[in-house]
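What follows is each chain in one-letter form.
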Amino acid sequence: MNITADTIWSAVRTVREKAPVVHSITNYVVMNSTANALLALGASPVMAHAEEEMEEMVGIASALVINIGTLSPAWVRAMFRAAEAARKRRIPIVLDPVGAGATSYRTRTARELIKAVPPDIIRGNASEIMALLDSNAKTKGVDSSASSDAAVDLGRALHAECGAAVCISGETDYTIGRTGGIRGRNGHIMMTRVTGLGCTASALCGAFAAVTPDPAVAAAEAMAVMGIAGEIAVSGSAGPGSLQVYFLDALYRLSAEDIERLLKLEVEE
Amino acid sequence: MNITADTIWSAVRTVREKAPVVHSITNYVVMNSTANALLALGASPVMAHAEEEMEEMVGIASALVINIGTLSPAWVRAMFRAAEAARKRRIPIVLDPVGAGATSYRTRTARELIKAVPPDIIRGNASEIMALLDSNAKTKGVDSSASSDAAVDLGRALHAECGAAVCISGETDYTIGRTGGIRGRNGHIMMTRVTGLGCTASALCGAFAAVTPDPAVAAAEAMAVMGIAGEIAVSGSAGPGSLQVYFLDALYRLSAEDIERLLKLEVEE
Amino acid sequence: MNITADTIWSAVRTVREKAPVVHSITNYVVMNSTANALLALGASPVMAHAEEEMEEMVGIASALVINIGTLSPAWVRAMFRAAEAARKRRIPIVLDPVGAGATSYRTRTARELIKAVPPDIIRGNASEIMALLDSNAKTKGVDSSASSDAAVDLGRALHAECGAAVCISGETDYTIGRTGGIRGRNGHIMMTRVTGLGCTASALCGAFAAVTPDPAVAAAEAMAVMGIAGEIAVSGSAGPGSLQVYFLDALYRLSAEDIERLLKLEVEE
């Protein structure tokens, strides 16, 4: 996979120029902050969840992001309708399985979404990704690999199961796609003290997937940009309050030099 | 219409003294930020959407703001009930037709709300306002005027159709009422990179409508105060993150001198 | 009751070490800001409202916070289910009766919740607490006491009625429990210009109740920490926008010295 500081910067510039519409069906907690992150990056967020308008709203979008952070039956129905409409229009779909594994309602919903309309990108933490694997794949995933990194195995197993680019975020962000894996090491521990930055990463995956053909590359671009903007923000912050403010400023001001200077990325073919 | 830096400042002071209760039925994305803007201005926000309590909640409010940014059937029913209760109590109603034109569900809901209970103020961008006009009025609106400014025509056509003061926001904010139009030129392009500042403008329309008898003047007051606070905020900002923080600070600290110095307004009788 | 700067600091440290999961069913306006406050303090917020997952979500929580700020029937049902599950697991329950007294739907819901599953802590302002008392208790509450402080009487009356620690917030925060009362005088008037800081106080009550056996002490810890972080934040703020940013920073950085230096607390046995 071809991903370097140059290609990431090129993707950022394309987002800023094209301002792709990213339709998000996301949780109540992060609607405001993810919309602001998309705007700061240069994309155009749209939030809508009524079944009555799913097809039309997807119809004006360049990517769909589904985040199951605060579910209820009507929202789940809208997610399925939106995913089907997005698949018909061949726009990329990102799934953030927030809390999969924590409750069976979330695990089941995420699995059924994946089965009904396989997304292009799935982004979650290790325990969420683990919860999406059927037990067979879980065993195979863990057994079939010599890698010492459990996240790598998980990503490979889920990718094998559903075909999506799988991005497992953590201290190292690991993205696996059709032609290999990408390890990103940007970001800062204080980012875990701001609610919804994982959800923001998924929203940015939508923006980059709208302008980058390979979903795995798009996900890695999003994680790199998140992490770099986060590092810049932390360096001026006195805590998580100012971090989230400066994070939006950093996204908005992100430059080729920032990416060049701070990017920590390894591609494994 | 009588609107000057002095009368705007007088309206701000009245809001601060009376702290009018502004009942908002608004979208999930902006609930927090619009409540904070109302508080920073000096008003008292109330957010409630359950049909079970609409009449009572409207009963303690001095203005009602309806924003269709994230609809669903139960919320639409509550909007109608609230609007009817507000009309009975003769408190001003502001409608923000977010996304009208983008989906037929939104267009239809906004039109039906206007038909059932004509609001006192409608505030939206040009394409949202355009979507509210029936095709007949659209043609008449555009044809019947020698004005070179399409927004003016739109505002006049919608005002003629429903009687509401119509505020079309953009680089120039144009408000049309019974006795003429007001052009406001405050604001800054970076404000479009913060989610929900249009919705905030509509919320502030509610606060000013609670203390200003002429709806068109109230809307123009809200737009001027938004724009001026925004300009002050931008001047200290490093991006949209700090902009939204300083915007609330600027609203809270807004002075007669700020308005006098920065106001850009033209009244057309 | 044993509550001093030392014990409050010890509770803060325990929250930071144990990162208790606080399950909140709260209103749309404050979901983001209360989640961020819990994270800044060191707790682990979870937000979920689907009936389908209430038992499981409560099953991983160390405290449950129910806030009735934006009700609807499905949410009310989830609140009852969550409260029952929390009672079975014997984890503390905090109730924030936002707007009780403003509409009968809120008053009724709060009263029914208290009757069905008496919470460990009820935190509200004086008029909300007043609305929860039946008229008999109201009379007794007010008449049976020589205290000149109406809030004390209210707190005693509601505590007698349902057994919960009752925290009435205002310029003075008064908490009454089984063995007496605690008066806290931290905080700043500008905090009333930020939406949802009352809701944030209730969320922090959940975090402290997860690590402090006596609910009244937990509530007083939360109010003290809120007020102290607020005072620190105000001192650097230019208005309510920067206040809410610095408030999160202050919570995150709160030290034993801050508490020692700023705490204003009186215990009445």
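Asker: What's the story with unusual backbone geometry in this structure? I'm lost.
Answerer: Glycine aside, the phi torsion of most residues is negative, and most peptide linkages are trans. Phi angles above zero are rare outside glycine, and B:Ala19 is one such case at about 45°. Position of B:Ala19 relative to the elements: it lies in the loop between helix H1 (5–18) and strand S1 (21–25). A relative accessible area of 24% places B:Ala19 in the partly exposed class. Positive phi is not limited to glycine here, since C:Arg90 has a value of about 60°. Within the fold, C:Arg90 resides in the loop between helix H4 (73–89) and strand S4 (93–96). Judged by relative accessible area, which is 74%, C:Arg90 ranks as exposed.

Asker: Can you help me understand the pattern of salt bridges in this one?
Answerer: Any two side chains of opposite charge can pair if their charged atoms end up close together. The tally for this structure, following the rule as stated, stands at 27 salt bridges over all chains. Two residues, B:Arg261 and B:Asp258, come together in a salt bridge whose shortest N-O distance is 3.4 Å. With B:Arg261 and B:Asp258 both in helix H12 (residues 256–262) and 3 residues apart, the pair spans about one turn of that helix. The exposure class assigned to B:Arg261 is exposed, which follows from its relative accessible area of 58%. Classification of B:Asp258 by relative accessible area gives buried; the value is 15%. Here C:Arg81 ties to C:Glu51 by a salt bridge, and the two come within 3.7 Å at their closest N and O atoms. Here C:Arg81, found in helix H4, pairs with C:Glu51, found in the loop between strand S2 (44–47) and helix H3 (54–59); they are 30 residues apart in sequence, far enough to count as distant.

Asker: Explain the side chain of B:Asp258 to me, please; I cannot follow it from the model alone.
Answerer: A polar contact is formed between the side chain of B:Asp258 and the backbone nitrogen of B:Ser255, at a distance of 3.0 Å. Residue contacts for B:Asp258: discarding those within four places in its chain leaves B:Ile228, B:Ile232, B:Arg253 and B:Leu263.

Asker: Before we go on, may I ask you to explain the interface of chain B and chain A in this structure?
Answerer: By convention, interface size is frequently given as the accessible area that disappears when the constituent parts associate. In this complex, chain B contributes 26 residues to the contact, which on the side of chain A involves 24 residues. For chain B, the biggest contributors to the area lost against chain A are B:Tyr28, B:Val29 and B:Arg193; these three give 28% of the whole. Summed over the shared surface of chain B and chain A, the result is 1 salt bridge. A salt bridge links A:Glu53 to B:Arg106; its shortest N-O distance comes to 2.6 Å. The interface formed by chain B and chain A includes 12 residue pairs in polar contact (both at pLDDT 80 or more). Every element with two or more residues in the side of chain B that touches chain A is listed here: helix H5 (104–116) and helix H11 (240–253) of chain B. No other element matches H11(B), which puts 5 residues into the side of chain B that touches chain A. For the side of chain B that touches chain A, the class distribution of residues is 12 nonpolar, 12 polar and 2 charged.

Asker: Just checking my understanding: could you explain the interface of chain B and chain C for this structure?
Answerer: Taken together, the contact pairs 24 residues of chain B with 26 residues of chain C. Interface area, chain B with chain C, both sides summed: about 2,100 Å², of which 58% is carbon and sulfur. Taken as a group, B:Asn32, B:Leu39 and B:Tyr252 account for 23% of the area that chain B buries against chain C, more than any other trio of residues on that side. Run the count over chain B and chain C and you get 1 salt bridge. Summed over the shared surface of chain B and chain C, the number is 12 residue pairs in polar contact (both at pLDDT 80 or more). Where the side of chain B that touches chain C is concerned, the elements lending two or more residues are helix H2 (31–41), helix H3 (54–59) and H11 of chain B. The element contributing the most residues to the side of chain B that touches chain C is H2(B), with 6 residues. Here the residues of the side of chain B that touches chain C sort into 15 nonpolar, 4 polar and 5 charged.

Asker: Is there a simple way to explain the sheet that holds strand S7 (residues 173–177) of chain A in this structure?
Answerer: Backbone-to-backbone hydrogen bonds pair the strands of a sheet. The strands run either parallel or antiparallel. Residues and elements named next belong to chain A. Read from one edge to the other, the open sheet built from 9 strands follows the order S2-S1-S3-S4-S5-S6-S7-S8-S9, with strand pairing classed as mixed. Among the strands making up the open sheet, the edge pair consists of strand S2 (44–47) and strand S9 (265–268). For this sheet, the mean angle separating the axes of adjacent strands, direction not counted, is 15°. As judged from the 5 bridges shared by S7 and strand S8 (residues 180–184), these two strands associate in the antiparallel manner.

About the thresholds
Residues numbered from 1 in each chain as written. Chains lettered and ligands numbered in written order. Predicted model: local features only at pLDDT ≥ 70, side-chain atom pairs only at ≥ 80, totals over all residues. Heavy atoms only, no water. Helix = DSSP H or I, 4+ residues; strand = E, 2+ residues; numbered from the N terminus. Buried < 20%, exposed > 50% of the residue type's maximum accessible area, 1.4 Å probe, protein only. Salt bridge = Lys/Arg side-chain N within 4 Å of Asp/Glu carboxyl O. Polar contact = N/O pair within 3.5 Å; in protein donor to acceptor, adjacent residues only side chain to side chain. Contact = heavy atoms within 4.5 Å. Buried area = accessible area lost by both parts, 1.4 Å probe. Nonpolar A, V, L, I, M, F, W, Y, C, P; charged D, E, K, R; others polar. Pairing = 2+ DSSP bridges. Axes fitted to C-alpha atoms, helices over the stretch in contact; angles between N-to-C directions.

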